[in-house]
Amino acid sequence: MRLAGLRSSRNFLPWRSATIGWAVTLLALLVGAPLFLCMPPWVDVTLYDMCVRSILDGGVYYRDVFDTNLPGIAWAMTGVRALFGWSYEALRAADLAVMAAEVALLCGWIRRAGSTHAAIAWFAAAVTLFYPFTSEFVHVQRDGWMLLPALLAARLRLARMERGHACGRERAGFAILEGIAWGAAVWVKPHVIIPAGCVWIASAVVIARREPLRRVLADLGGVVLGGLLAGTVGIVWLVQTGAWPYFRDVFVNWNPNYLSGVLGTAGVRFIESFTIFRPWGMLYYVSLPLAFVALWEARIFSRHIFSQSMGEPKKVPLNSRWYSPASSESIANARGLLAALYLGWTAQAIFLQKGLDYVQVPVMLLAMAMIATQRWAFGFVYLVWFAILGIVLNFTNLIPPERAPGIPVLRLEQYPLTDPQVLSQWSRCWREGSTPELRNRLGHYVSIHCGTNWEQLANVAAYLRTVQPPLGPGELNCWHDSTHSLYLQLNLAPATRYMHYGTVFAIPSEDNWIRKRVAEDVAASPQRYVVADLTRMTWHPDLAQHLGPGGDPNTLPDWFPLSQRTKFPWNQELVFRSGRYVVYRVSQPLGEIDIPDWETLEDLGPGKSPPPRPGPIWPFEPTP
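Thresholds, definitions, all that
- Residues numbered from 1 in each chain as written.
- Predicted model: local features only at pLDDT ≥ 70, side-chain atom pairs only at ≥ 80, totals over all residues.
- Heavy atoms only, no water.
- Helix = DSSP H or I, 4+ residues; strand = E, 2+ residues; numbered from the N terminus.
- Buried < 20%, exposed > 50% of the residue type's maximum accessible area, 1.4 Å probe, protein only.
- Contact = heavy atoms within 4.5 Å.
- Pairing = 2+ DSSP bridges.
- Patch = residues over 30% accessible without salt bridge, like charges linked within 9 Å, V, L, I, M, F, W, Y side chains within 5 Å.
- Areas by Shrake-Rupley, 256 points an atom, 1.4 Å probe, with all protein chains shown as cover.
- Salt bridge = Lys/Arg side-chain N within 4 Å of Asp/Glu carboxyl O.
- Expected span 1.5 Å × (residues − 1).
- Polar contact = N/O pair within 3.5 Å; in protein donor to acceptor, adjacent residues only side chain to side chain.
- Axes fitted to C-alpha atoms, helices over the stretch in contact; angles between N-to-C directions.
- Parallel < 35°, antiparallel > 145°, perpendicular 65-115°, else oblique.
- Nonpolar A, V, L, I, M, F, W, Y, C, P; charged D, E, K, R; others polar.
- Lys, Arg positive; Asp, Glu negative; His and termini not counted.
- Core = buried A, V, L, I, M, F, W, Y, C linked by side-chain atoms within 4.5 Å.
- pLDDT = per-residue confidence, 0-100.
- Phe/Tyr/Trp six-rings, centres within 6.5 Å; stacked < 30°, edge-to-face > 60°.
- Lys NZ or Arg CZ within 6 Å of the ring centre and 35° of its normal.

## Remarks on the overall build of the protein chain
When helices and strands are counted, the protein chain shows 23 helices and 4 strands. Taken across its 624 residues, the protein chain has 55% of its residues classed as buried. Taking all contacts inside the protein chain whose residues are at least 6 apart in sequence as the whole, residues at least 24 apart take part in 74%.

Below is the structure:
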């Protein structure tokens with residue numbers, strides 16, 4: 001017995017231990033959760049919060065707050081706010097709960113796909129090492145939350161494949177429930193129709209092997225009926241709340257222009273997807289081929305869709321050391337359906353969406369699940385990598401701290417989990433919560449124009465509280481993306497319905513009717529004060545901190561483009577400044593109302609000797 005125990009200890013491999021995998025999951029969550037909860041909200045989140053406040057106050061969506069998106073994320077956040085209040089810790093806790101639910105659904109799916117308990121545990125560890133330590137740009141975003149109802153629908157589809165000869169009423173009920181879940185996901189983003197179609201087609205191929213075509217078509221009818229029910233409920237809400245005409249105006253007149261040009265850059269987005277979450281993007285090199293192999297193994301590609309009989313999975317000519325063949329048809333079908341969901345989701349992310357980081361979060365989770373079906377404990381590999389990199393960066397000089405070597409697929413900078421400056425804030429998160437100082441310390445993109453410097457903005461809020469007479473509804477205009485959380489901090493209705501002025505001004509339109517309409521709304525507003533962000537006017541964030549000539553905070557810095565000084569809001573009376581933020585009292589004729597496109601800043605004309613444009617300075621800007 002002693003020899004057997006010794007032999008067993010010598011053969012112990014940590015990546016084959018579910019206990020160690022779950023222990024790493026819990027430890028990463030214990031370390032990461034407090035830091036995650038105290039990170040700052042992204043500007044998209046404050047936009048959604050403005051929509052939520054409008055809903056809860058009885059306002060009219062799209063009329064009171066302009067939004068180019070479907071209202072699904074605002075509905076979900078309304079539930080969170082109504083139940084748990086307005087703290088961002090509560091909203092971020094809800095975000096973690098959504099991710100945990102998605103991981104639970106994927107763990108069950110991976111198990112049905114023939115994986116081991118150890119691989120499932122290390123999959124959960126990988127997600128926990130990944131998501132809480134990403135930037136605030138990807139948290140509480142539509143794509144991440146859209147995955148939850150989509151996974152519920154896909155799991156119902158998997159159950160339909162496994163049930164076989166269920167009674168007609170049961171089949172119809174499950175199909176309708178699945179359609180409702182897909183419909184809920186569509187209300188978050190309509191792009192989910194692509195993976196939904198891929199999942200149904202893959203399942204129909206399997207179901208058609210054992211059931212007549214009429215049942216397959218009836219099944220589709222049930223899914224479509226459920227989707228229509230979900231769509232009808234949403235439309236009824238829009239009509240009853242008075243939002244329907246404004247919703248229709250946005251989606252008929254504004255969005256076609258807003259989405260123009262997306263299809264033409266799909267190739268660039270595909271290449272960039274491998275480097276967005278360095279080094280996690282390396283998983284795509286493995287998960288994409290595995291997905292196609294899974295479809296082959298499940299016989300989804302067969303030319304004889306309606307004449308096949310049930311049988312063994314199709315053999316895959318791969319070394320079993322690297323690929324674990326499905327041992328049964330049910331395992332092959334589970335893998336094939338997951339592959340269909342993953343590839344469909346990847347396709348819509350690449351071809352139909354903009355190349356933004358948060359779009360890739362569900363793609364990454366599905367890629368991880370795809371690899372986990374092969375019993376690969378890749379979470380252990382990443383744990384070792386982060387540990388080694390942490391040792392190298394913290395205790396050696398092998399990698400220069402000021403500039404890490406440029407390896408596209410790797411991240412040779414401090415990972416938050418091993419960064420002493422980040423970890424030192426852990427106890428403060430427990431004691432203090434999400435303060436402006438902690439948000440600045442924990443945020444990844446505090447210094448860029450679409451991020452927020454929370455300490456400096458808090459000074460602006462304090463000043464605006466002293467304004468006499470006190471600001472009323474519509475009397476404050478937050479001109480740039482990073483400032484509109486002031487509406488929430490001060491509990492003020494905005495001067496106009498637009499939050500992201502830079503976004504709406506940049507929407508192309510015939511005869512520039514969009515720019516003219518926005519400018520007219522600004523001119524007609526009852527605004528008394530305007531808050532602007534100097535960072536939006538330069539490619540060099542450090543310049544935004546420069547004071548005016550002679551150190552005067554109430555004049556614009558020398559570098560500020562001369563061509564913009566006579567335009568709104570820069571031509572108004574500057575009354576307060578906090579770092580990059582300037583507050584103007586509206587006391588002069590407004591003049592030209594516009595925001596220059598980000599890519600045209602160098603064409604505005606100099607102030608005094610602007611430096612050359614730097615490399616990429618924000619999360620989704622490619623190197624020029």
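Next, the rest of the story.
## Side note on the pairing of strand β4 (residues 581-585)
With 4 of 5 residues buried, β4 is to be regarded as a mostly interior element. Pairing analysis gives 5 bridges linking strand β2 (residues 529-533) to β4, with the strands arranged antiparallel. Across the sheet, residue V531 finds its bridge partner in β4, namely V583. As judged from the 5 bridges shared by strand β3 (residues 573-578) and β4, these two strands associate in the antiparallel manner. By the bridge assignment, F576 is partnered in β4 with V583.

## Remarks on a nonpolar patch on the surface
Taken together, the side chains of L213, L217, L220, V224 and L228 make up a nonpolar region of the molecular surface, amounting to roughly 430 Å² of accessible area. Within the secondary structure, V224 sits in helix α10 (residues 213-240).

## A short note on helix α14 (residues 329-351)
Between its first and last C-alpha atoms α14 spans 32 Å; for 23 residues at 1.5 Å apiece the expected length is 33 Å, and the two agree. For α14, the tally of buried residues reaches 20 of 23 residues, placing the bulk of the element in the interior.

## A closer look at the side chain of Q348
Of note, Q348 is situated in helix α14. Among the residues examined, Q348 registers a relative accessible area of 0% and is labelled buried. For Q348, the side chain forms a polar contact with the side chain of Q353, separated by 2.8 Å. Excluding its chain neighbours within four sequence positions, the residues that come into contact with Q348 are H191, I194, P195 and Q353.

## Focus on the packing of helix α11 (residues 244-258) against helix α23 (residues 513-524)
Between α11 and α23, whose axes approach to 11 Å, the crossing angle comes to 125°. The pairing of α11 with α23 is recorded here as oblique in orientation. From α11, D249, N253, W254 and N257 reach across to α23, where they touch W513, I514, R517 and V518. Classifying every residue of the contact of α11 with α23 gives 4 nonpolar, 2 polar and 2 charged.

## Points about the pattern of salt bridges
For the structure shown, the criterion picks out 22 salt bridges. The residue R160 makes a salt bridge to E211 at a minimum N-O spacing of 2.9 Å. Taken as a pair, R160 in helix α7 (residues 142-163) and E211 in the loop between α9 (193-207) and α10 lie far apart in primary sequence, 51 residues in all. The partner of D249 in a salt bridge is R517, with the nearest N and O atoms 3.3 Å apart. Remark: R517 occurs in helix α23 and D249 occurs in helix α11; sequence separation between them is 268 residues. Residue classification places D249 among the buried positions, given a relative accessible area of 16%. Connected via shared salt-bridge partners are R157, R160, E178, R210, E211 and D219.

## Some points on the side chain of R577
With respect to the helices and strands, R577 occurs in strand β3. At 8.3 Å, D552 is the nearest oppositely charged side chain to R577, a buried residue that forms no salt bridge. From its side chain, R577 meets the backbone oxygen of A544 in a polar contact 2.7 Å long. Within the structure, the side chain of R577 is placed 2.7 Å from the backbone oxygen of G579, a separation counted as a polar contact.

## Here's the deal with the nonpolar core
The nonpolar side chains of a soluble globular protein tend to be buried, and buried together. Grouped together as the largest cluster of nonpolar side chains are 179 residues, with contacts concentrated most on F123, W280, Y342, M368, L464, L476 and W479. If sequence neighbours within four positions are ignored, W280 has contacts with A126, L129, F130, M364, M368, Y382, F386 and Y415. Core analysis: the second largest hydrophobic core is formed by 7 residues, V422, C429, L438 and L442 among them.

## Observations concerning unusual backbone geometry
With glycine set apart, most residues show a phi of negative sign, and most peptide bonds adopt trans. For the bond running from Q468 to P469, omega is -5°, close enough to zero to count as cis. Relative to the helices and strands, P469 is located in the loop between α20 (454-464) and β1 (476-478). The linkage connecting F568 with the following residue, P569, adopts the cis geometry, with an omega of 0°. Relative to the elements of secondary structure, P569 occurs in the loop between β2 and β3. Positive phi outside glycine occurs at Y62, with the angle close to 75°. Mapped onto the elements of the fold, Y62 is located in the loop between α3 (43-56) and α4 (72-84).

## What about the sheet that holds β3?
Read across the sheet, 4 strands follow the order β1-β2-β4-β3 without closing on themselves; strand pairing throughout is mixed. Of all the strands in the sheet, just β1 and β3 have a single pairing partner and so form its edges. The mean angle between the axes of side-by-side strands here comes to 20°, regardless of whether they run parallel or antiparallel. Sheet strands touched by α20: β1, β2, β3 and β4. Its angle to β3, the strand with the most contacts, is close to 130°.

## Examining the environment of L225
Along the chain, L225 falls in helix α10. For the pair formed by L225 and E178, sequence separation is 47 residues and the distance between their alpha carbons is 9.7 Å.

## Section: the confidence of the model for the protein chain
Per-chain confidence: the protein chain averages 88 in pLDDT, with 90% of residues scoring 70 or above. Of the regions scoring below 50 in pLDDT, residues 1-8 engages in 0 contacts with residues more than four places distant in sequence or in other chains. Note that residues 617-624 has pLDDT below 50 and, in this model, 27 contacts with residues that lie over four places away or in other chains.

## What to know about the packing of aromatic side chains
Working definition: an aromatic ring pair is given by the centre-to-centre distance plus the angle between the planes. All chains considered together, the criterion is met by 39 aromatic pairs. Ring centres 6.3 Å apart and planes at 35° place the aromatic pair W254 and Y498 in the tilted group. In this pair, W254 is assigned in helix α11 and Y498 in the loop between α21 (486-490) and α22 (501-505), connecting sequence segments 244 residues apart. Of the residues examined, Y498 reaches a relative accessible area of 0% and is grouped as buried. Taking 5.7 Å as the distance between ring centres and 45° as the angle between the ring planes, the aromatic pair formed by W559 and F560 counts as tilted. You'll find W559 and F560 in the same group, each marked buried. Joined through ring pairs, the aromatic side chains of Y61, Y62, W75, W187, W237, W244, F247 and F251 make up one cluster. Its guanidinium or amino end placed over the ring of Y88, R81 lies 5.1 Å from that ring's centre, counting from NZ or CZ. Above the ring of W454, the side-chain terminus of R439 is found at 4.7 Å from the ring centroid.

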